[in-house]
Amino acid sequence: MEHQDYGNKTKEEWDAQYLVLHEKLPALAAAFGLSSDLMDTIHAIYFWSVWLSNAQNQSGTSDKSLTAFTDTFSTGPASTSTVVIPAPADFGTAPTSACPADAQGIVKALRITMMKNKANWTVAIGELLTFLTPEIPFNQATFIPDGDAKTSIGNIAVHSSVKFVKTKNLYARVTGTNTWIFIRTFTGAHYDYHRVPTTPNTAESVDMIVYGVINNVQLANPSAIFTVLYQPQQMPPPVV
């Protein structure tokens, strides 16, 4: 079992994070020594996120109405009524607290601070505050590795995540052919594949896949095929 990384969040996910902290962090503030000023900031972040979301929604609606009205004014059709003028957006009353800057940075720093408190931090608290996503079960039978690659002259830089399986088998073929050729077993997220081209000094399209390997046994499912245009290192002709 393994937790997903905190990673990047969408705006909607950040707004949900602010709500969770607003509601659930106060009960943990004393145990983690969180100051009243910090708690006030966490609450302010939530209130401002709600107000800003509403303001953005209202602004979007107003902008659409104004755009339509402007189009009618500019290009008609002439039969369209222009009696009703678009109303300006109403953002509502803004929170009375000062608006924090870098809300995401504040929350990320809070997460690190709490996780460093080894006496009180638990996985359950991390999941409660959505600082950790629920554990992901690893199923060896259904596991599908990921794979991708980038090229430079004379090299294919292969990448595959080591989240669940650290060792991979790499296979390759020239695009359009059917036979996969085993290249090598590698451990870690990266492998530099210095390929010898089928035709010397000639670029070629290369398909690749990786399989996970556990205890020297190749797992059942390959990655999706990933393809690159390989540019080999140019070799001088033999001296006659």
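Structure: above.
Presented here is an overview of the structure given in this document. (Residues numbered from 1 in each chain as written. Predicted model: local features only at pLDDT ≥ 70, side-chain atom pairs only at ≥ 80, totals over all residues. Heavy atoms only, no water.)

**Examining the pairing of strand E7 (residues 217-222)**
Next, step 1: Sheet topology places strand E6 (residues 204-214) next to E7; three bridges connect them, and they run antiparallel. Its bridge partner being in E7, Ile-214 is matched across the sheet by Val-217.
Next, step 2: Adjacent in sequence and paired antiparallel, E6 and E7 are bridged by two residues, among which Asn-215 carries a positive phi angle near 55 degrees. (Pairing = 2+ DSSP bridges. Helix = DSSP H or I, 4+ residues; strand = E, 2+ residues; numbered from the N terminus.)

**Description of the packing of aromatic side chains**
Next, step 1: Evaluated as defined, the whole model comprises 10 aromatic pairs.
Next, step 2: Here Tyr-171 and Phe-182 contribute two aromatic rings whose centre-to-centre distance is 5.5 Å and whose plane-to-plane angle is 65 degrees, an arrangement assigned as edge-to-face. Of the two residues, Tyr-171 sits in strand E3 (residues 167-174) while Phe-182 sits in strand E4 (residues 181-187), which places them 11 residues apart along the sequence.
Next, step 3: Judged by relative accessible area, Phe-182 falls into the partly exposed class, the value being 42%.
Next, step 4: Between Tyr-171 and Tyr-211, the aromatic rings sit 5.5 Å apart at their centres with planes inclined by 70 degrees, giving edge-to-face as the arrangement. Taken together, the positions of Tyr-171 in strand E3 and Tyr-211 in strand E6 put the pair 40 residues apart, joining distant regions of the chain.
Next, step 5: Residue class for Tyr-211 comes out buried when judged on its relative accessible area of 16%. (Phe/Tyr/Trp six-rings, centres within 6.5 Å; stacked < 30°, edge-to-face > 60°. Buried < 20%, exposed > 50% of the residue type's maximum accessible area, 1.4 Å probe, protein only.)

**Quick notes on the sheet that holds strand E2 (residues 155-159)**
Next, step 1: Taken together, three strands build an open sheet; the order of strands is E1-E2-E5 and the sheet is antiparallel. The outermost strands of the open sheet, each flanked by one partner alone, are strand E1 (148-152) and strand E5 (190-193). Averaged over all pairs of adjacent strands, the angle between strand axes in this sheet comes to 20 degrees, irrespective of strand direction. (Axes fitted to C-alpha atoms, helices over the stretch in contact; angles between N-to-C directions.)

**Quick look at the pattern of salt bridges**
Next, step 1: The tally for this structure, following the rule as stated, stands at three salt bridges.
Next, step 2: Linking Asp-207 and Arg-173 is a salt bridge whose minimum nitrogen-to-oxygen distance equals 3.2 Å. Within this pair, whereas Asp-207 is found in strand E6, its partner Arg-173 is found in strand E3, the two being separated by 34 residues in sequence. Here Asp-207 and Arg-173 have matching classes, each one buried. (Salt bridge = Lys/Arg side-chain N within 4 Å of Asp/Glu carboxyl O.)

**Examining the nonpolar core**
Next, step 1: Within the largest apolar cluster, 21 residues are counted, with the highest numbers of intra-cluster contacts made by Leu-25, Leu-34, Leu-110, Met-114, Leu-129 and Phe-131.
Next, step 2: Secondary-structure elements contributing two or more residues to this core are helix H1 (11-24), helix H2 (36-75) and helix H3 (103-116).
Next, step 3: The next biggest cluster of nonpolar side chains, apart from the first, holds 14 residues, and it includes Ala-172, Met-208, Val-210 and Phe-226. (Core = buried A, V, L, I, M, F, W, Y, C linked by side-chain atoms within 4.5 Å.)

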